Amino acid sequence: MIKYKSCSKGVKTRTFLLERIINFIKNYFQLDKYKTSVKVEFIAGLTTFISMSYILFVNPSVLGASGMDTGAVFTTTALASALGTAIMGIVANYPIGEAPALGINAFFAYTVCVGMHVKWQTALASVFVASIIFILITLFKLREKIIDSIPADLKYAISSGIGLFIAFLGLQNGKMIVANKSTLVGLGSLHNPLIWVTIFGLLVTVILMILNVPGAIFIGMVLAAIFGICTGQIALPHKFISTAPSLAPTFGQAVFHIKDINTVQMWVVVLTFLLVTFFDTAGTLIGLAQQAGFMKNNKMPRVGKALAADSSAMAVGSILGTSPVGAFVESSAGIAVGGRTGLTAVFVAIFFLISMIFSPLLGVFTSQVTAPALIIVGVLMAQNTAHIHWNKLEIAVPAFLIILGMPLTYSISDGLSWGMITYPICMLAAKRGKEITPMTWVLFVVFLIFLWVLNF
């Protein structure tokens with residue numbers, strides 16, 4: 001009888017503590033205000049994670065081209081994503097996931113490291129310095145002012161251009177597009193068995209997305225990997241679960257190599273990381289806030305906290321050893337199923353931490369397997385072209401140059417500069433000079449200097 005009372009008392013105590021915790025969570029994240037629940041936020045978090053999870057395998061594949069250790073990048077990607085997403089959820093109370101951004105990681109690997117022959121350690125240092133500048137301009141609210149000064153049409157063009165560049169990389173990695181001496185690029189050979197892994201993955205992913213299957217991109221990658229294994233193009237891993245790969249090859253390299261940023265060229269790289277990450281993240285945050293219904297009078301509530309969380313994640317990610325971390329557009333999947341608060345982001349962060357034990361699967365997710373994800377994300381980002389005022393030539397020309405310039409120059413920053421330089425000129429020609437903000441003129445001068453220095 002005494003034991004029963006003791007047990008009953010213990011159950012009541014645990015129940016009381018559990019209720020206190022749940023009430024604290026409800027009050028902290030304001031679940032009642034946003035008409036949501038812990039269950040809905042959990043499902044939203046799981047949905048967002050599944051939609052984002054491909055980055056765990058795509059990021060090591062992309063950054064591996066720079067010479068970085070793919071195992072270390074896998075662990076870094078998981079940790080940086082978990083930390084950045086947790087900060088976004090706890091500090092800003094937004095259901096937005098953070099992870100190393102596609103597009104800028106390609107710029108890091110292919111433009112800076114491969115194209116400019118910069119060591120990946122120095123490139124990480126550039127990301128770290130850019131993140132410190134990010135934090136400073138966020139604290140002084142300069143970042144908010146710049147966001148407000150950029151025309152909406154060019155913001156959409158930037159996002160769309162990055163999408164085309166990402167898709168172009170995916171088509172290359174999947175062997176669907178190859179180099180051609182006569183026409184620069186051409187169609188890949190169907191006799192190459194690797195191309196069929198990409199084609200299969202792309203078709204499956206497209207069908208799943210049209211059917212609105214949650215996590216379609218991730219499922220498509222898994223099925224493509226299985227197809228590659230069955231056709232003998234991918235080796236089956238010896239195990240599926242293990243301890244996370246060591247961070248040692250990449251951890252702290254960003255700090256150790258700050259001294260290498262001692263040339264004009266490297267400061268141009270820092271500026272490019274700063275500008276590209278700035279515009280990409282700003283557009284993503286605004287788009288997600290609009291989807292969730294947070295925008296009020298064309299303003300984003302708690303935008304300062306969201307930007308602070310974003311810039312902090314970028315700094316920590318560079319120290320761990322990855323390209324810039326930013327808001328992920330795939331967060332829209334969780335928002336679509338009801339995610340409205342930072343609790344969704346906290347659940348996403350937890351799932352990223354759990355994911356670190358699956359590193360042996362890295363060898364299965366080859367560039368041909370991840371290629372469909374790049375192509376599909378490119379399609380999603382290119383949808384922003386619908387918001388551009390194509391009927392006004394003074395808008396259409398700079399927007400088009402941004403969109404087309406990024407994939408054709410194989411550089412996000414070059415395409416961006418084309419548009420930012422031509423925009424004020426076109427607006428003056430259309431007798432709309434009064435609509436050009438002072439900050440836009442500042443960016444006009446900055447990009448002129450950027451192109452001059454790059455060519456010099």
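What you see is a predicted model, and the numbers here were worked out from it, not measured in a lab. (Residues numbered from 1 in each chain as written. Predicted model: local features only at pLDDT ≥ 70, side-chain atom pairs only at ≥ 80, totals over all residues. Heavy atoms only, no water.)

## Some points on the packing of helix H4 (residues 70-92) against helix H15 (residues 342-354)
Contact geometry for H4 and H15: axes closest at 8 Å, N-to-C directions at 165 degrees. As judged from the angle between their axes, H4 and H15 are roughly antiparallel. The way H4 lies across H15 gives a crossing that is left-handed. Contact residues: H4 offers Ala 78, Leu 79, Ser 81, Ala 82, Thr 85, Ala 86, Gly 89 and Ile 90, while H15 offers Gly 342, Ala 345, Val 346, Val 348, Ala 349, Phe 352 and Leu 353. Here the residues of the contact of H4 with H15 sort into 11 nonpolar, four polar and no charged. (Axes fitted to C-alpha atoms, helices over the stretch in contact; angles between N-to-C directions. Helix = DSSP H or I, 4+ residues; strand = E, 2+ residues; numbered from the N terminus. Parallel < 35°, antiparallel > 145°, perpendicular 65-115°, else oblique. Left-handed = near helix turned anticlockwise from the far one by under 90°. Contact = heavy atoms within 4.5 Å. Nonpolar A, V, L, I, M, F, W, Y, C, P; charged D, E, K, R; others polar.)

## A word on the environment of Lys 296
Examined against the element boundaries, Lys 296 turns out to sit in the loop between helix H12 (264-292) and helix H13 (303-320). A residue is classified by how much of its surface remains accessible, and Lys 296, at 56% relative accessible area, is exposed. Here the alpha-carbon distance between Lys 296 and Phe 278, two residues 18 residues apart in the chain, equals 22 Å. (Buried < 20%, exposed > 50% of the residue type's maximum accessible area, 1.4 Å probe, protein only.)

## Quick notes on the pattern of salt bridges
Scanning the model with the defined rule gives two salt bridges in all. One network of salt bridges, with partners in common, ties together Glu 394, Arg 432 and Glu 435. (Salt bridge = Lys/Arg side-chain N within 4 Å of Asp/Glu carboxyl O.)

## Section: the layout of surface pockets
By volume, the second largest pocket is sized at about 320 Å³. Forming the boundary of the second largest pocket are 20 residues, of which Phe 57, Phe 218, Val 222, Leu 361 and Phe 365 lie nearest the centre. Among the elements of the structure, helix H2 (38-52), helix H3 (55-63), helix H10 (216-230) and H15 are those that each provide at least two residues to the lining of the second largest pocket. The element best represented in the lining of the second largest pocket is H10, accounting for five residues. Of the residues belonging to the lining of the second largest pocket, the class tally is 18 nonpolar, two polar and no charged. (1 Å grid on protein atoms, 1.4 Å probe; cavity = no way out; pocket = protein on both sides within 12 Å on 5 of 7 lines; lining within 4 Å. Points joined across faces, edges and corners; volume = space filled by probe spheres on them.)

## Side note on the side chain of Gln 121
Following the sequence through the fold, Gln 121 ends up in helix H6 (residues 120-139). Contact partners of Gln 121, with chain neighbours within four places excluded, come to Gln 253, Ala 254 and His 257.

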